[in-house]
Every structure is written in C-alpha cells, then in structure tokens.
Amino acid sequence: MKEKDIFVDYKSHQLILYAEKEDGSYGPIQSGSYITKNYIDDFWLKKKNLEKSLVEKLKEGEISPIYYYMTMDELSEKELAARVKICRSKLRKHLKPEHFPNIKLSLLKRYADIFNIPVVNFFQILIIKKDKEFISNIYKNEKLVNINIEQLPTKNPLVVITRIEDK
Amino acid sequence: MSEITFNHKMAAHCESGSVTALLNHAGLEISEPMVFGISSGIFFGYLKGPRFAFPVFIVRSKPGQIRKNISKRLGVKYHTASFKNPQKGEDELDRLLEQNIPVAVQVDFYYMNYILSHERVHINAHFINIVGKKGTKYIVSDSYFPKLVEFDRESLMKGRFAEGSMAPKGFMFYPTYVPENIDYEKAIRTGIKKASYYMLKLPIPFLGIKGIRKFADSVVEWPKYARDIEHLSHEIMKINVLLEDQGTGGAGFRFIYATFLREASEMIGHSGLLEMSKRMMEIGDGWREISLFTAKIGKNRDLGQDRLKELGNIIRKRADVEEVFFRDLQNIIK
C-alpha cells in the first residue's frame, strides 16, 4: 500500500506502519491509528452501554462484582482463574452474588490487583453527574472537565484515598 | 539512579522492535523487517476455547520465537532469566541497569499505563526495553510509544509478574555476544523456508493457510458467541485492531514481510525475492481491505449472515492467494 493511502493524521494514537514510499521503496512510516481516529466514539459507546447493563445487574444482585470486572476486562473464566491461581469451579462460584461475601479478603485483593483497582471498588458504585445525567464511574475513572477523581493507594494495601478535586 | 544513552525508536511490533533496538544498541545494524523475516515471524492461527473470552486469531509466530530464531540464525547470544521470586527479579533488573545494560522484559500489556486505556488488554506477551532508573521510576523504551517514558515501579512489577497463560515470570533478556561476521544469505533462506513451511505444511487444521480458511468458515458463526449486537460489533471491529493496531505494521504483518523480502532481495542479490515482495505488498492490501470492511460493518451494526458470509469470502480469498504465494516463495528460495 502506498504511504499516502495508509497515512492517518491523528497525533493521539501513533503507530508504525510499513508502506510503499513515494520513491518506490518500502519502509516504516509513523501514522495515526485509523480505527481510533474514526471509530473511538463507537468503542466508548459500546463500553458505556455494557457497563450500564452490568451495573444494573450488579444493583439487582444478579451478578457479583467479580463477574462485572471480568466481563469489562474481556477475560475468560479460565484465564482469570489462572491469574488468581484458583480452580475454575471456585471462580465460577465467585461470579455469583450469593457466594461473593464468602471470598477471603486476601483473595479479593488478588482479584483487585488483576483488575488494577482498589479493593474498595468491589463494594461501591461511584456515580457522577455529567451533562445533566448521572453515569456510573465504577470501571475506570471518567475524565471530567471540572473535577478530577483519583484513587490514591496508601501503604495499607486495603485502604485507598478517593480524592475529589475541584479543578 | 541510572540512565543509559539509548536510541529509542517506535517499531511496528513489540518483540521484533525490542530485539532490533537491543541489537542496534549492541552495535549490529539491522532493521526490524530483517529481524522479523529472518526469525520467520509471519504466521496465522485461528484460536478458540475456554482460554479465550471470544474466538481470536494471531498473525505472527509464538511469543519468544523472534529472539530464539535470531539467536539460532544469526549466532547472537542472549542472557535470559526468569524468576519465581519477584524481589529477585527486581534486584537483578536494577543490578543490570546499574551496569548500564539495557534489558528487555516481558510484561502484561494491561499495566502499561502510559498507553491509551482503550488499547490496553490483558496479554502476557508484551516486550519492552528498560533503559534506566530514576528513583522509583523506570525509563522504558516501548515500541508502541513515541518517546522514552518514566514508568512506576508498582505497575512494572504487576506487569512482569502477572499470572495466567504465558505468565512472564519476570522474564528478561539482553544480548551478550554479536558475531562480527554473519552469513545473512543462509539466515534469510532459513527464515523464508521455515515461514513457508509453517504457513503451508503444519498438520493442524487451525494454523497457517488452514487457519485462515478456518477463520473464514468460522466468522459466520460468531453471532452465537456474542452477548448482543454491540458485543458482536466490538469483536468484528477488533479484527481491524488485530490486523492493524496491535503491533503488526499494517495488514497483519504482511506489509513488514514485504519490506523484509525487498531488503533481502537487495542484500543477497535475488531478483525473485523482489517480485515476491511486490506480491506480498498486494496481499497485504487485501488484508487491509478486510480491516476497513470490518470497521465499516461493525460501526453500522450491519452484521447479518449475508454480510458475515461476505467477510468470510474475502478472508478465504487471502488464504487462496497466500497458499500460492508461499508455494512460489518456497520454490524460488530452494
């Protein structure tokens, strides 16, 4: 493919593509990502819709927080079980809300590390108001114009500081 | 505190990029396409099963093979190490950096928090070069990031010692010996022969050309694995990401392989490879067409059986042309 046909002007997401250059040689070009430039809004729309439906199920007690994060992070049961170092049947129990309270705190911390969240996020749903609408912020912190929400770790592995900053 | 003078360059792919950068640092002038081609990086596999949340395909050889094959075919020697104890893995990395040795480490890509969040997925086969340390921050040269980046210790440790399939176990490597005289012709021929063999002859129904056909046949069944239309759209659009954005150099490594063949033809004076290079570039154009098609139908939620069959057909066409291509390639390199 010729360089002019493959190059995408999009600074936020850069990558290296190989292409035919103007002089006929083949080589690398630094380009923007075609799919991020053109379709990132669609990606986030689907992610938000998925999150919304899972949060509803979480609130209704139909799924456990482990199921929520596993689905959002696109992990299979087998892969998550291997990462937590438990058998798959045990993991399946943890996906059910009735078994979630029986998980040891130390094991819950292992799950939290895999999902890269503080343990406390298994027990709360953060809601923020944006464009006159309350939206869930449980998965990844929403970037907002006026406020900044950060969860800062402490030396105590189970304690996190949730900092809400008025920018 | 240590910081090595390291020429950071973005690269198409993390493993070929990190191997190339370390070889360049060690004084061997070699390009990423040459590393990729000599190590027989090009491949195809269609994978599904309990390990995967959804069927997936791969377009390159197994992680680790690029370094191993470069070692075998160019005579480069590497020091490699894995660690059961994360503290020992961290101490060893720090010790090497103190000695001004840049080191490649294997990590779970998910924890590389300098990369945009929508790109990051759990995959234990990402390679980065660590080229220094400032306080508790490591200086990272990542092929997927435009510049050197300071990276927090905690995230690096999480990435290096993630569990699961292909768990990195703190794996690290760096070259210890680069031969002065390299028989590039032999290395190129071996690289091409092996790649052709893997694409044509592996007796496994989901690998190589058979894998592309399996993918073509299976994509029409994807709706049964999806939760809903948005999930299906997401997975279909991931075809574009896997072919273009996840470190392939475009068209599922076909463009970088075309570049390798051209470079190889010049290096060993083989005009047949130049012709094959042009053909591979055209094959890549066809893969690019698949990428654009999946992005379009995914966005439009145009994912009925007819459209998926159409997708299957254009994927199958790639199998047909690649089968002829690799046979011809095998024949001219004998």
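Residues numbered from 1 in each chain as written. Chains lettered and ligands numbered in written order. Predicted model: local features only at pLDDT ≥ 70, side-chain atom pairs only at ≥ 80, totals over all residues. Heavy atoms only, no water.

All names here are of chain A. By the criterion of burial, helix 3 (residues 65-72) is predominantly enclosed, with seven of the eight residues buried. Within the span of helix 3, buried status applies to Pro65, Ile66, Tyr68, Tyr69, Met70, Thr71 and Met72. On its buried face, helix 3 is in contact with helix 2 (34-59), helix 4 (77-84), helix 5 (88-94) and helix 6 (105-115). Within two residues after helix 3, Glu74 carries a phi angle of roughly 55°, on the positive side. (Buried < 20%, exposed > 50% of the residue type's maximum accessible area, 1.4 Å probe, protein only. Helix = DSSP H or I, 4+ residues; strand = E, 2+ residues; numbered from the N terminus. Contact = heavy atoms within 4.5 Å.)

Our focus in this paragraph is the packing of aromatic side chains. All names here are of chain A. In total, this model carries 30 aromatic pairs over all chains according to the counting rule given. Summarising the aromatic geometry, the rings of Tyr111 and Phe115 are spaced 6.4 Å apart at their centres and angled 10° between planes, so their arrangement reads as stacked. Here Phe115 and Tyr111 lie together in helix 6, a separation of four residues that amounts to about one turn. On the basis of relative accessibility, which here comes to 0%, the residue Tyr111 falls in the buried class. (Phe/Tyr/Trp six-rings, centres within 6.5 Å; stacked < 30°, edge-to-face > 60°.)

Bringing the domain arrangement of chain B into the picture now. All names here are of chain B. Each assigned domain of chain B is listed with its residue range as follows: domain 1 (2-30 + 77-177) and domain 2 (184-332). Look at where the C-alpha atoms of domain 1 and domain 2 centre, and you get two points 28 Å apart. Counting residues at the interface gives eight residues for domain 1, matched by seven residues for domain 2. When the two sides are added together, the surface that domain 1 and domain 2 hide from each other amounts to roughly 470 Å², 59% of it contributed by carbon and sulfur. Connecting domain 1 to domain 2 are one residue pair in polar contact (both at pLDDT 80 or more). (Domains from an automatic or database assignment. Buried area = accessible area lost by both parts, 1.4 Å probe. Polar contact = N/O pair within 3.5 Å; in protein donor to acceptor, adjacent residues only side chain to side chain.)

Before going further, it helps to spend a moment on the interface of chain A and chain B. Taken together, the contact between chain A and chain B spans 45 residues of the former and 54 residues of the latter. Summed over both partners, the interface of chain A with chain B buries about 4200 Å², with 56% contributed by carbon and sulfur atoms. By the criterion of area lost to chain B, the three top residues of chain A are Tyr18, Tyr26 and Arg83 of chain A, representing 20% of everything that side buries. Joining chain A to chain B, the criterion identifies four salt bridges. (Salt bridge = Lys/Arg side-chain N within 4 Å of Asp/Glu carboxyl O.)

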